[in-house]
Amino acid sequence: MSKALTAPEGVTWKSRWTFILAATGSAVGLGNIWKFPYITGEYGGGAFVLTYLACILMIGIPVMIAEVMIGRAGRSNPADAMSRLAKESKRSSYWGLVGVAGVLSGLMIMMFYSVVAGWALDYVAQSASGAYSDLDAEQIESNFGQLLASNGQQLLWHSVFCLLTASVVAAGVTKGIGKAVDILMPMLFVCLLLLVGYSAINGDFAAGLHFMFDTDFSRLNGEAILVAMGHAFFTLSLGMGAIMAYGAYFPGHSSIGKTVLTIAALDTVIALLAGMAMFPLVFANDLVPGQGPGLMFVTLPIAFSNMSGGLFFGTLFFTLVSIAALSSSISLIEPGVAWLERHGFNRPLATFGLAGTAWLGGIASIHYEAVFNALDYLTANVMLPLGGLLIAIFVGWQMPAPRVLDETGIVSSRVFSAWRFLLRYIAPLGIIAVFLHSLGLLTW
Ligand code: PHE
């Protein structure tokens, strides 16, 4: 049966650990370091963080197990893996369309993701050249405004980032990526720890902690809950096939459960650390945490400009942010590339075609803030949860339980039942309830 199938072109990760690093590389990105702190600021702190954590546990982790399982069992790109498993379960092969929709979501995410990654690249250059080292807080804020007002400068870095992504993907998944994440992810972690330490010494750490963990549920409206759930999907790279595509290269048949828990835990810890590195500095500098997408590009430079060794730390930090973004963006186009490749395109052509499309869309998000915001909102809060809903229904209700049990490799029957229960009931009902609540159709 499927175990005898080889991955596309026989590609598999070197080991389970390489899969963990690649998937963590996909999960840990701008979502953790850029987006999580500023949406936590916008939606009021602790209650938002708790809702997000609940979504990770009850919905995100179960869906991630399902995605890895589909990829590994179907041994192909998300579209073909799903239609193959559907046919095998005597269901409509139209289920493959979930994978096709994922390709579209990935492209749409890339269309604003690469713009933000471009800002990070610009800040590598700015930090290295000491451009903001003598500025005060206000000047640093307007410095970021200048970048946003300069379409040419944004286009330059956006193009560089798209090219970087495409060259890595065109060269193949296993070559390079595995080794790169192996070195870069621990570096990112160490650097974040250093920044948290800096923040604890120089920032208002208590105020930061209060902000992130004091829960005031009165501030939690339908919109905030939708955004928290959407972010759980976004940050774990779920609902569009990225993790499924990587699952197709999963070597061997070991249990998926622990692997997924490791990835989700790393992702969550890194998001919380990023918050703990930034909020204390926000409060110590009398800034407002709800200031939106500029948070990272204003707060951290302020910190670095006061810090001895700030030039070095700033350069290092934004380099690592760029790299974290790169190890995620690769997984945004990989599903589409694997899909096109399976249908007769060669890999470089497929890669540059998709990256080129994302590049064009990125130009639109540079020029029109409304396009940027719409792409961000629509993908994270609508398309990814919807994709996740369909994946949960597919594995929970369409595939036969014994086959699912066999493919996940989960040994403990209690763990398996708990997971399947979350996938069949809690995840779908939770997603639907949050959608209805945010539309005002369901109140509680
Ligand atoms: N998880 C990535 C991040 O947090 C973004 C991403 C979403 C990557 C979906 C792949 C797929 O930055």
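Rules behind the numbers
Throughout, a residue's number is its position along its own chain's written sequence, starting from 1. With pLDDT at 70 or above as the cut-off, local features in this predicted model cover only qualifying residues; side-chain atom pairs require 80 or more to be listed or tallied, and sums for whole chains, interfaces and linings still use all residues. Water and hydrogen atoms were dropped before computing side-chain values, which therefore reflect all heavy atoms in the structure. Working definition: helices are DSSP H or I runs of at least four residues, strands are E runs of at least two. Numbering for both runs from the N terminus. To sort residues, take the accessible area from a 1.4 Å probe on protein chains only and compare it with the maximum for the residue type: under 20% means buried, over 50% means exposed, and anything in between is partly exposed. Within 3.5 Å is the distance limit for a polar contact, defined as a pair of N or O atoms, with the added protein rule that one can donate a hydrogen and the other accept it, and that residues adjacent in sequence qualify only through two side-chain atoms. Any Lys or Arg side-chain nitrogen located within 4 Å of an Asp or Glu carboxyl oxygen qualifies as a salt bridge. Stacked, tilted and edge-to-face are the three classes applied to pairs of Phe, Tyr and Trp rings, where Trp contributes its six-membered ring and a pair requires centres within 6.5 Å; stacked means planes under 30 degrees apart, edge-to-face means over 60, and tilted covers the rest. Like charges are joined within 9 Å and nonpolar side chains (Val, Leu, Ile, Met, Phe, Trp, Tyr) within 5 Å, but only among residues with over 30% relative accessible area and no salt bridge; these make up the patches. Surface accessibility follows the Shrake-Rupley procedure with a 1.4 Å probe radius. Residue values consider only the protein chains on display as shielding. Throughout, the term near means that a residue has one or more heavy atoms lying within 4 Å of the molecule or strand in question. Space inside and on the surface of the protein is sampled on a 1 Å grid over the protein atoms alone, with a cavity defined as a set of points where a 1.4 Å probe fits but cannot get out and a pocket as an open set with protein on both sides within 12 Å along at least 5 of 7 lines; lining residues have an atom within 4 Å of a point. More than half of a molecule's atoms within 2 Å of the grid points is what it takes for that molecule to sit in a cavity or pocket. Three residue categories are used. Nonpolar comprises Ala, Val, Leu, Ile, Met, Phe, Trp, Tyr, Cys and Pro, charged comprises Asp, Glu, Lys and Arg, and polar comprises the others, including Gly. Grid points are joined across faces, edges and corners, and a volume is the space filled by probe spheres set on the points. Here, residues are in contact when the closest pair of their heavy atoms is within 4.5 Å.

(A) Looking closely at the environment of Thr-262. You can see Thr-262 is positioned in helix α12 (residues 257–284). The exposure class of Thr-262 is partly exposed, given its relative accessible area of 29%. Note: C-alpha distance between Thr-262 and Thr-24 (238 residues apart in sequence) is 8.7 Å. At 2.8 Å, the side chain of Thr-262 forms a polar contact with the backbone oxygen of Lys-258.

(B) Just the pattern of salt bridges, in detail. Taken as a whole and assessed by the stated rule, the structure comprises 6 salt bridges. The salt bridge involving Arg-342 is made with Asp-80; its shortest N-O contact spans 3.0 Å. In this pair, Arg-342 sits in helix α14 (residues 310–342) while Asp-80 sits in helix α4 (residues 78–88), placing the two residues 262 residues apart along the sequence. For the salt bridge of Glu-88 with Arg-403, the shortest nitrogen-to-oxygen distance reads 2.3 Å. In this pair, Glu-88 is assigned in helix α4 and Arg-403 in helix α17 (residues 401–408), connecting sequence segments 315 residues apart. Using a relative accessible area of 35% as the deciding quantity, one classes Glu-88 as partly exposed. What you see here is one network of salt bridges that share partners, running through Glu-88, Arg-403 and Glu-407.

(C) Spotlight on the packing of aromatic side chains. All chains considered together, the criterion is met by 27 aromatic pairs. Geometrically, the ring pair formed by Tyr-123 and Phe-318 is tilted, given 5.2 Å between the ring centres and 50° between the ring planes. Separated by 195 residues along the polypeptide, Tyr-123 in helix α5 (residues 96–128) and Phe-318 in helix α14 bring together distant segments of the chain. Phe-318 carries the same exposure label as Tyr-123, and that label is buried. With 5.3 Å between their ring centres and 40° between their planes, Phe-421 and Tyr-425 make a pair best called tilted. Of the two residues, Phe-421 and Tyr-425 both sit in helix α18 (residues 413–438), 4 residues apart, roughly one turn of that helix.

(D) Spotlight on a nonpolar patch on the surface. Together, Ile-432, Leu-436, Leu-439, Leu-441, Leu-442 and Trp-444 line one region of the surface with nonpolar side chains, adding up to about 630 Å² of accessible area. When you line up the elements, Leu-441 lands in the segment after α18.

(E) Looking closely at the site of the ligand. In the vicinity of the ligand, 16 residues are found, and the nearest of them are Ala-27, Gly-31, Tyr-113, Phe-234 and Ser-237. In the environment of the ligand, an oxygen atom lies 3.4 Å from a nitrogen or oxygen atom belonging to the side chain of Asn-32. Separating a nitrogen atom of the ligand from a side-chain N or O atom of Ser-237 is a distance of 2.9 Å. Protein chains shield 100% of the accessible area of the ligand, which is 330 Å² for the free molecule. One can see that the ligand is located within the largest cavity. Looking at the shell around the ligand, the elements with two or more residues in it are α1 (16–27), α2 (30–42), α5, α10 (222–235) and α14. When grouped by side-chain class, the residues that make up the shell around the ligand number 8 nonpolar, 8 polar and no charged.

(F) Here's a closer look at the environment of Lys-87. When you line up the elements, Lys-87 lands in helix α4. Separated by 312 residues in sequence, Lys-87 and Met-399 have C-alpha atoms that sit 10.0 Å apart.

(G) Region of the structure containing empty space enclosed by the protein. Enumeration according to the criterion identifies 2 cavities of 30 Å³ or more in this entry. In this model, the largest cavity occupies a volume close to 120 Å³. Around the largest cavity, the lining comprises 14 residues; the ones closest to its centre are Ser-26, Tyr-113, Phe-234, Ser-237 and Leu-332. Those elements that place two or more of their residues in the lining of the largest cavity are α1, α5, α10 and α14. Residue composition of the lining of the largest cavity, by class: 7 nonpolar, 7 polar and no charged. Taken as a whole, the second largest cavity holds about 30 Å³ of empty space. Around the second largest cavity sit Pro-78, Met-82, Val-98, Gly-99, Gly-239, Met-240, Gly-241, Met-244 and Ile-391, which together line it. When contributions to the lining of the second largest cavity are tallied by element, the ones reaching two or more residues are α4 and α5. Here the residues of the lining of the second largest cavity are counted per class, giving 6 nonpolar, 3 polar and no charged.

(H) Structural detail: unusual backbone geometry. One non-glycine residue with positive phi stands out, namely Arg-75, at about 45°. One can find Arg-75 in the loop between α3 (46–74) and α4. Even without being a glycine, Ser-237 presents a positive backbone phi close to 60°. Tracing the sequence through the fold places Ser-237 in the loop between α10 and α11 (242–247).

(I) Focus on the side chain of Gln-154. Mapped onto the elements, Gln-154 comes out in helix α7 (residues 151–170). Side-chain polar atoms of Gln-154 contact the backbone oxygen of Leu-147, separated by 3.5 Å. The contact partners of Gln-154, leaving out residues within four places of it in the chain, are Val-115, Trp-119, Leu-147, Leu-148 and Ile-366.

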